[in-house]
Structures are given as structure tokens and as C-alpha cells.
Amino acid sequence: MSDVDTHTDPQDDGGPGGAYEERPPLLVLDGVVRRYRQGEATLEVLAGASMVMNAGESIALIAPSGTGKSTLLHVAGLLERPDSGEVFLDGEPTSGLSDDARTAIRRNQIGFVYQFHHLLPEFSALENVVMPQLIRGLAPAEAKSRAEDLLGYLGLGKRLTHRPAELSGGEQQRVAIARAVANAPRLLFADEPTGNLDPTTSAHVFQTLTALARASGLSAMVATHNLDLAATLDRRVTLRDGVLVEV
Ligand code: ADP
Ligand code: MG
């Protein structure tokens, strides 16, 4: 899948010792705690959540509403900092990094898809996928070519010039997926990406997302309420009293 996978692996340089050293997992959550103040009370949403995510793995996060799925994805995706515990990326702790350093990691290595697409309404599907690449510094022609490839791969080759309002819900979500992976991230976090779609469209979008992840070696964590779709991923975890449990 050369059209969707443009990463190179900086660690695999064939240098001395490199091939024999044990490589740390892509993402490790270690005792992650996240609390919210509610007036006088404190709500501990994550109470020591731990997990290991290896490169190329797809994981479903299945848990009832209000149990902390979005909070977990935000902390794991470096959008929020844990109150205690640590998030390691390639074995490196991330909580002490500056906001700029965390933003750079998110921009280059992490993609997000949400329940509502959050596409820019004034721009076409193509432009929505080109934009994050330009922000990252890619040349416009290169960004456009990659956007066309990605949208084509996701079955949207004939929708490039449509604005979000001129697309169906499933098409909007596929554009949002293309945008999320436009900069060839290593990690994708999807927060109920099909929660707003009818069952047939939902299955199609979900399968498209997992096929793309598998084809490009992307690691994905997907919060979902759909057990049938979750069953198609490599692993399933849930949140129980703020702690991650394999199911
Ligand atoms: P889920 O995604 O599983 O529905 P969330 O992570 O969104 O759960 O929220 C978990 C709990 O934390 C909920 O009870 C929610 O009300 C609370 N919560 C989430 N974000 C905040 C916030 N910024 N301030 C206060 N409480 C919050
Ligand atoms: Mg949520």
C-alpha cells in the first residue's frame, strides 16, 4: 500500500546494535489518573489506567457512556495531560514535554477522528485533506496528490470537490478519516467514529477505517458501542472503575 503508507522508520537504521535492541512498545499507559473537579467533589474518571499498545495493533474501547472513553483517548493522544501516571511513546515519557513538543508529536504522529466530522464547511473534501499537510509543511502539489490518493482509496474519488454539506454522513466520516491520516500518523484515535451513522453505513465506514489501518501499519484505538464491529479488531478493552481491563 505505497499510496497510504509513507512512513519511514527512524529506528530501523541498521546501525550498530539497532537490530538487536529490544524496541519499546509504541504506546504505554502506566497508571494514568485523570480527575475532574465538580464543585466541592472530585470525580476520578481514570484511576490508574494502564495498557500497552504495539505498533500495528487495532484496539476497540468498549464501555458505557460516561465511563471515561473520551478522557482516555484525549490523554493517550496527548490532548490532555494525566494528573498522575505516565504516557510513554516509543518508551519516552510525554507528560513533562512542553505544549509545543506535544503539539508537534500530535501533528506528526497522531490522528483523531470524532463522532461528528468537524470538517471545515467552506472547503471541499480535497481541501480538508490537503490542509493538515500544508500546516505540516508539505508542498501543495504533493499534499494534493496524497489527498487524491487517500480519498480515492476511501471510495471518494468522485467527491473531491464536494463540500461537507454536499456529502452523506458516511462520506463525511470517510473524509474525516482521510484528514486524520493525511500526515501518515503512527497512531489513530477514533472516538465513536460511527456513532452518528445508520448500521449499514456504520459497518462500511468502520471496515474502511480498519482496512486502511491494516494496509498502512497504523495502530488504532477506536471507542465504539458496536460489539460486532469491535470483534473485527485485534483486541478489546473496557473501562471498569477508571481502570482498563482486557475483554
Ligand atoms: P465517555 O466518553 O465514556 O462517555 P467521558 O470521558 O466523556 O466519558 O467522561 C467521563 C466522565 O467525566 C463523565 O462523567 C463526564 O461528565 C466527566 N467529564 C468529562 N470531561 C469533563 C470536564 N472537562 N470537566 C468535568 N467533568 C468532565
Ligand atoms: Mg465520549
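What you are looking at is a predicted structure, and each value in this text was computed from that prediction instead of being measured.

Parameters at a glance
Residues numbered from 1 in each chain as written. Chains lettered and ligands numbered in written order. Predicted model: local features only at pLDDT ≥ 70, side-chain atom pairs only at ≥ 80, totals over all residues. Heavy atoms only, no water. Near = heavy atom within 4 Å. Polar contact = N/O pair within 3.5 Å; in protein donor to acceptor, adjacent residues only side chain to side chain. Areas by Shrake-Rupley, 256 points an atom, 1.4 Å probe, with all protein chains shown as cover. Helix = DSSP H or I, 4+ residues; strand = E, 2+ residues; numbered from the N terminus. Nonpolar A, V, L, I, M, F, W, Y, C, P; charged D, E, K, R; others polar. Salt bridge = Lys/Arg side-chain N within 4 Å of Asp/Glu carboxyl O. Buried < 20%, exposed > 50% of the residue type's maximum accessible area, 1.4 Å probe, protein only. Pairing = 2+ DSSP bridges. Contact = heavy atoms within 4.5 Å. Axes fitted to C-alpha atoms, helices over the stretch in contact; angles between N-to-C directions.

A. Focus on the site of ligand 1. Around ligand 1 sit Tyr36, Leu43, Val45, Pro64, Ser65, Gly66, Thr67, Gly68, Lys69, Ser70 and Thr71, and those are all the residues in its vicinity. Within the backbone of glycine 68, a nitrogen or oxygen atom sits 3.1 Å from an oxygen atom of ligand 1. One of the side-chain nitrogen or oxygen atoms of threonine 71 is found 2.6 Å away from an oxygen atom of ligand 1. Burial of ligand 1 by the protein chains amounts to 61% of its free accessible area of 560 Å². When contributions to the shell around ligand 1 are tallied by element, the ones reaching two or more residues are strand E2 (41-53) and helix H1 (69-76). Looking at which element gives the most residues to the shell around ligand 1, the answer is H1, with 3 residues. In terms of residue class, the shell around ligand 1 is built from 4 nonpolar, 6 polar and 1 charged.

B. View of the pattern of salt bridges. Applying the stated rule across the entire model yields 12 salt bridges. Notably, a salt bridge pairs glutamate 80 with arginine 34, separated by 2.8 Å at the nearest N-O pair. With glutamate 80 in the loop between H1 and strand E4 (84-89) and arginine 34 in strand E1 (residues 27-38), this residue pair connects regions lying 46 residues apart in the sequence. The buried category is assigned to arginine 34, whose relative accessible area is 15%. Salt bridges here are not isolated pairs; linked through shared partners, they connect Arg34, Glu80 and Asp83.

C. Highlighting the pairing of E1. Judged from the 10 bridges that link them, E1 and E2 form a sheet pairing that is antiparallel. Across the sheet, residue leucine 27 finds its bridge partner in E2, namely methionine 53. Linking two consecutive strands that pair antiparallel, namely E1 and E2, is a turn of 2 residues; a positive phi of about 65° is found at glycine 39 within it. Note: E1 against E4, 5 bridges, orientation antiparallel. Residue pairing for E4: valine 33 is matched across the bridge by serine 84.

D. Quick look at the sheet that holds E2. Strands sit in the order E2-E1-E4-E5 across an open sheet of 4 strands; the sheet is antiparallel. Each edge of the open sheet is held by one strand with a lone partner, namely E2 and strand E5 (92-93). Looking at chain direction, E4 and E5 are connected through 2 bridges and run antiparallel. Directly across from leucine 89, in E5, lies its bridge partner glutamate 92.

E. A look at helix H3 (residues 125-136). Of the residues making up H3, those classed as buried are Ala125, Leu126, Asn128, Val129, Val130, Pro132 and Gln133. Buried positions along H3 lie against helix H4 (140-153) and helix H5 (169-180).

F. Structural detail: the sheet that holds strand E8 (residues 219-223). The mixed open sheet is built from 6 strands, whose spatial order is E6-E7-E8-E3-E9-E10. Strands with a single pairing partner mark the edges of an open sheet, and in this sheet they are strand E6 (110-113) and strand E10 (243-246). Strand after strand, the sheet turns through a mean of 20° between neighbouring axes, direction not considered. Taken together, the 4 bridges between strand E3 (residues 58-61) and E8 define a ladder with parallel strand orientation. Bridge pairing links alanine 60 to valine 222 in E8. Its contacts with the sheet place helix H2 (residues 99-109) against E6 and strand E7 (187-191), and it is angled at close to 75° to E6. Contacts from H5 reach E6 and E7, with the element oriented near 165° to E6.

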